[in-house]
Amino acid sequence: MDFLDLDINLTKEDKMLKANANEFARKVMRPIAKELDALPPEQVIAKGSPFWTFMKKAYALGYHSILIPDAYGGMGLSPLQQTIVFEELAWGSVGLTVALGVASFPAFGAAMVPEETMIDEILVPYCENKDVTFIGCWGITEPDHGSDTLMPGHPSFSNPDIPSQCVAMPDGDDFILTGQKSAWVSNGTIATHCALFCQMDKSMGHAGGGIFALPLNLPGVKKGAALDKMGQRDLNQGEIFFDNVRVPRKYLIAGPEAYEALLEIVLSTTTAFMGVVGTGVARAAFEEALNYAKTRIQGGRRLIEYPTIQAKLFHMLRQVETSRAISRAAFCYNQNTSTPAEEYSVMAKIHGTQAAFDVASDAIQIFGGNGLTKEYLVEKLFRDARAMLIEDGSNDTLAVAAGHKIIETYPRRD
Ligand SMILES: Cc1cc2nc3c(=O)[nH]c(=O)nc-3n(C[C@H](O)[C@H](O)[C@H](O)COP(=O)(O)OP(=O)(O)OC[C@H]3O[C@@H](n4cnc5c(N)ncnc54)[C@H](O)[C@@H]3O)c2cc1C
């Protein structure tokens with residue numbers, strides 16, 4: 001469905017990017033995501049699975065490098081264009097869009113400190129990769145540490161009594177890495193590289209972390225089984241274990257001195273990204289509901305003729321539009337500044353993912369019983385959207401951390 005875009009300054013190039021991404025989402029992502037949704041998790045990533053068809057086509061188009069600067073071979077899109085493309089891809093499938101987004105995470109991290117090793121071993125090979133033999137993931141969550149790993153600035157983040165389950169200790173020129181990351185690591189069982197966020201200085205609690213761009217073929221790395229879950233079933237997830245892994249120092253992006261500040265920068269991108277993709281899911285659900293309401297007859301009239309349905313559809317579209325507005329604004333602001341306003345990205349994440357969930361739920365209501373069946377897309381959108389309220393930080397705890405920041409640092413000026 002062609003959509004009004006309230007941004008009257010969109011260029012021809014912006015509109016072309018949007019149309020191309022929508023075509024890819026409609027023709028490639030939607031059918032593949034539907035197929036993958038019905039498979040057990042190990043079959044989603046099995047050889048010959050349509051998941052790999054999707055990844056190969058996406059890599060060929062450069063969509064795996066949307067977040068990477070063009071200096072290293074990334075797509076070279078402006079922040080606004082990145083939001084435009086990501087919204088369309090998520091309209092096709094949020095799970096597959098997240099798979100692509102996290103695939104670039106080690107390169108995204110490496111671009112923050114672009115030293116020679118990072119450029120030669122991570123950034124350029126990743127951007128040039130077309131046969132999907134370079135897949136990244138983001139390992140931050142641990143079995144006993146979810147929300148508390150994503151609350152930089154909050155007092156709990158610096159509490160030395162909260163020990164991490166994944167630790168890198170210096171050993172000569174190298175680090176010895178022990179512990180594990182949780183089953184929630186997206187791309188966890190298929191990744192070749194990990195943007196690993198782990199502890200280096202226990203006396204600083206989570207704030208004493210370090211970030212590595214780590215090849216996962218180092219001796220001592222093991223992967224768990226693919227996770228079976230309710231929504232975003234097309235997104236592979238699984239544990240990664242580190243048994244005394246010797247990690248050369250060249251893979252270190254940053255240590256405890258910069259960890260908390262860099263994590264804020266990373267989160268200001270990931271949370272705004274979640275708002276953008278939430279907008280795509282919400283829009284998909286709205287469109288499904290609108291089309292259905294135009295044809296379903298009840299009480300001798302089409303559903304669309306009932307004022308309550310009209311009002312519901314209006315409020316659904318209102319949520320789509322407000323999500324896009326805050327998500328685009330937060331994403332673009334935070335990509336264009338060196339001191340990100342992370343709280344605005346958190347607003348985008350909470351607003352966009354809640355909109356995705358609420359609009360998908362309203363869409364099911366408009367579909368009636370049909371909406372609960374696998375036959376209609378809204379059932380999948382609802383499950384996918386439910387996961388988003390937890391993904392990349394539970395909305396509740398992101399609000400706690402952002403609320404704390406506002407109280408500590410406002411009034412904020414540029
Ligand atoms: C689809 C999906 C993709 C993901 N991808 C990745 C990934 O790529 N890499 C990765 O490392 N992780 C990933 N995650 C993990 C995700 O970041 C965590 O699930 C999230 O941070 C929440 O952590 P948790 O699940 O351990 O819940 P917990 O932290 O155990 O929280 C449980 C509940 O308690 C509440 N709670 C926790 N602490 C507080 C507090 N201080 N105050 C008030 N309430 C609190 C939370 O809001 C929540 O409702 C993903 C998760 C999902 C669902």
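Residues numbered from 1 in each chain as written. Predicted model: local features only at pLDDT ≥ 70, side-chain atom pairs only at ≥ 80, totals over all residues. Heavy atoms only, no water.

On to empty space enclosed by the protein. Applying the stated criterion across every chain yields a total of 4 cavities of 30 Å³ or more. Size it by volume and the largest cavity reaches roughly 90 Å³. Lining the largest cavity are 13 residues, with Ser-164, Phe-197, Cys-198, His-206 and Tyr-259 positioned closest to its centre. The element best represented in the lining of the largest cavity is strand E4 (residues 193–199), accounting for 3 residues. Residue classes in the lining of the largest cavity are distributed as 5 nonpolar, 6 polar and 2 charged. (1 Å grid on protein atoms, 1.4 Å probe; cavity = no way out; pocket = protein on both sides within 12 Å on 5 of 7 lines; lining within 4 Å. Points joined across faces, edges and corners; volume = space filled by probe spheres on them. Helix = DSSP H or I, 4+ residues; strand = E, 2+ residues; numbered from the N terminus. Nonpolar A, V, L, I, M, F, W, Y, C, P; charged D, E, K, R; others polar.)

Viewed as axis vectors pointing N to C, helix H8 (residues 256–295) and helix H11 (residues 377–388) meet at an angle of 160°, and their least axial separation amounts to 10 Å. As summarised for this structure, H8 and H11 are arranged roughly antiparallel, according to the angle between their axes. For H8 against H11, the interelement crossing comes out left-handed. Contacts between H8 and H11 pair Met-274, Val-277, Gly-278, Val-281, Ala-284, Ala-285 and Glu-288 from the former with Leu-377, Val-378, Leu-381, Ala-385 and Met-388 from the latter. (Axes fitted to C-alpha atoms, helices over the stretch in contact; angles between N-to-C directions. Parallel < 35°, antiparallel > 145°, perpendicular 65-115°, else oblique. Left-handed = near helix turned anticlockwise from the far one by under 90°. Contact = heavy atoms within 4.5 Å.)

This part takes up the site of the ligand. Around the ligand, the structure places 20 residues, and the nearest of them are Trp-138, Thr-141, Ser-147, Ser-186 and Ser-394. Measuring from an oxygen atom of the ligand, one finds a side-chain N or O atom of Ser-394 at 2.5 Å. One of the side-chain nitrogen or oxygen atoms of Asp-396 is found 3.5 Å away from an oxygen atom of the ligand. Coverage of the ligand by the protein amounts to 68% of the 980 Å² it exposes when considered alone. One can see that the ligand is located within the largest pocket. Its residues placed into classes, the shell around the ligand shows 7 nonpolar, 10 polar and 3 charged. Structurally, the shell around the ligand is a two-domain feature, drawing no fewer than three residues from each of domain 2 (136–256) and domain 3 (259–409). (Near = heavy atom within 4 Å. Polar contact = N/O pair within 3.5 Å; in protein donor to acceptor, adjacent residues only side chain to side chain. Areas by Shrake-Rupley, 256 points an atom, 1.4 Å probe, with all protein chains shown as cover. Sits in = over half its atoms within 2 Å of the grid points. Domains from an automatic or database assignment.)

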